[in-house]
Amino acid sequence: MNSGNKGKILQMAKNVSIELLEETRSLHDILETCKDACKMIGISDENAWLDLEINGYLVRYKTRDELYQNLPSYRKTSWKFYDLYGNPVTLPPDMMDLFGRSTVYHPIKELEGKNLITVESKFLDKFNKFIAEHGVDQVSKSLRIHEARISKDDIKQVLDGIKKRIQELLDVIISLLEVE
């Protein structure tokens, strides 16, 4: 790489770092810029996670277990469950361990500006059937989950995790280019 391109990429990485800190550009656009910078300096293979953040994790992982095992920790949250009237439902710890883990696999564009991710009741039929058959007492057996949600705070946790990872990548790019 010639020194002109090196200087251009270095300046781009520094500018993107400032834009990330000041939140003046969308994370999607910043990820795209980082992807381009990685291509230009030849480190794309080590940064395949950029494509997963841009396109979502379902493009690579097809089963729930495979997805959960390969998802970065900042994309793992817990569902909050609600009944038909919008009241929070607390599940026993063993059921939360089994059903409460949530995977925020969505592309970054879908997450930015979103306050809530909701799973509607029609997708919870099997879950409600399991609770009815395996509940520990009559109260838990009659429990019906109407909705599962990932809150704004959990979405913010995901976005903050992505920002941190982007900044770590930018630091690597900057240090690589300043050393050469």
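Residues numbered from 1 in each chain as written. Predicted model: local features only at pLDDT ≥ 70, side-chain atom pairs only at ≥ 80, totals over all residues. Heavy atoms only, no water.

Caption draft 1: Local environment of the overall build of the chain. Counting its secondary structure elements, the chain contains 9 helices and 6 strands. In terms of C-alpha radius of gyration, the chain reaches 21 Å, well past the compact-globule figure of 16 Å for 180 residues. Within the chain, buried positions represent 40% of all 180 residues. Considering only intrachain contacts with a sequence separation of at least 6, the fraction spanning at least 24 residues in the chain is 69%. With the model as given, the accessible surface of the chain reaches about 10,500 Å², and the carbon-plus-sulfur share is 51%. Both charge centroids of the chain, one from 26 positive and one from 29 negative side chains, sit 3 Å from each other. (Helix = DSSP H or I, 4+ residues; strand = E, 2+ residues; numbered from the N terminus. Rg over C-alpha atoms; globule rule 2.2 N^0.38 Å. Buried < 20%, exposed > 50% of the residue type's maximum accessible area, 1.4 Å probe, protein only. Contact = heavy atoms within 4.5 Å. Areas by Shrake-Rupley, 256 points an atom, 1.4 Å probe, with all protein chains shown as cover. Lys, Arg positive; Asp, Glu negative; His and termini not counted. Charge placed at Lys NZ, Arg CZ, Asp CG, Glu CD.)

Caption draft 2: Spatial organisation of the packing of helix 1 (residues 3-22) against helix 9 (residues 152-179). In contact at an axis separation of 9 Å, helix 1 and helix 9 are set at 155 degrees when each is read in the N-to-C sense. Overall, the two elements helix 1 and helix 9 adopt an arrangement that is roughly antiparallel. Crossing of helix 1 against helix 9: the hand is left-handed. Listed contacts from helix 9 to Lys6, Ile9, Leu10, Ala13, Lys14, Val16, Ser17 and Leu20 of helix 1 are Lys163, Ile166, Gln167, Leu170, Ile173, Ile174, Leu177 and Glu178. Considering only residue class, the contact of helix 1 with helix 9 consists of 10 nonpolar, 2 polar and 4 charged. (Axes fitted to C-alpha atoms, helices over the stretch in contact; angles between N-to-C directions. Parallel < 35°, antiparallel > 145°, perpendicular 65-115°, else oblique. Left-handed = near helix turned anticlockwise from the far one by under 90°. Nonpolar A, V, L, I, M, F, W, Y, C, P; charged D, E, K, R; others polar.)

Caption draft 3: Region of interest: the packing of helix 2 (residues 27-41) against helix 9. Viewed as axis vectors pointing N to C, helix 2 and helix 9 meet at an angle of 30 degrees, and their least axial separation amounts to 11 Å. The orientation of helix 2 with respect to helix 9, classified from their angle, is roughly parallel. In this structure, helix 2 meets helix 9 at a crossing whose hand is left-handed. Residues Leu27, Ile30, Leu31, Cys34, Ala37, Cys38 and Ile41 of helix 2 form the contact with helix 9, whose participating residues are Leu159, Ile162, Lys163, Ile166, Leu169, Leu170, Ile173, Leu176 and Leu177. Split into classes, the residues belonging to the contact of helix 2 with helix 9 amount to 15 nonpolar, no polar and 1 charged.

Caption draft 4: Spatial organisation of the sheet that holds strand 3 (residues 88-89). Pairing in this open sheet of 4 strands is antiparallel, and the strands run 3-2-6-5 from one edge to the other. The open sheet terminates on both sides in strands that have one partner only, identified here as strand 3 and strand 5 (117-119). Where strand 5 meets strand 6 (residues 147-150), 3 bridges bridge the pair, whose relative direction is antiparallel. Residue pairing across strands places valine 119 opposite alanine 148, the latter belonging to strand 6. (Pairing = 2+ DSSP bridges.)

Caption draft 5: Representation of the side chain of asparagine 47 in the model. Locating asparagine 47 in the fold gives a position in the loop between helix 2 and helix 3 (49-55). A distance of 2.8 Å separates a polar side-chain atom of asparagine 47 from the backbone oxygen of isoleucine 43. Not counting residues within four places of it along the chain, the set of residues in contact with asparagine 47 comprises Cys38 and Leu169. (Polar contact = N/O pair within 3.5 Å; in protein donor to acceptor, adjacent residues only side chain to side chain.)

On their own, these measurements won't tell you what the molecule is for.
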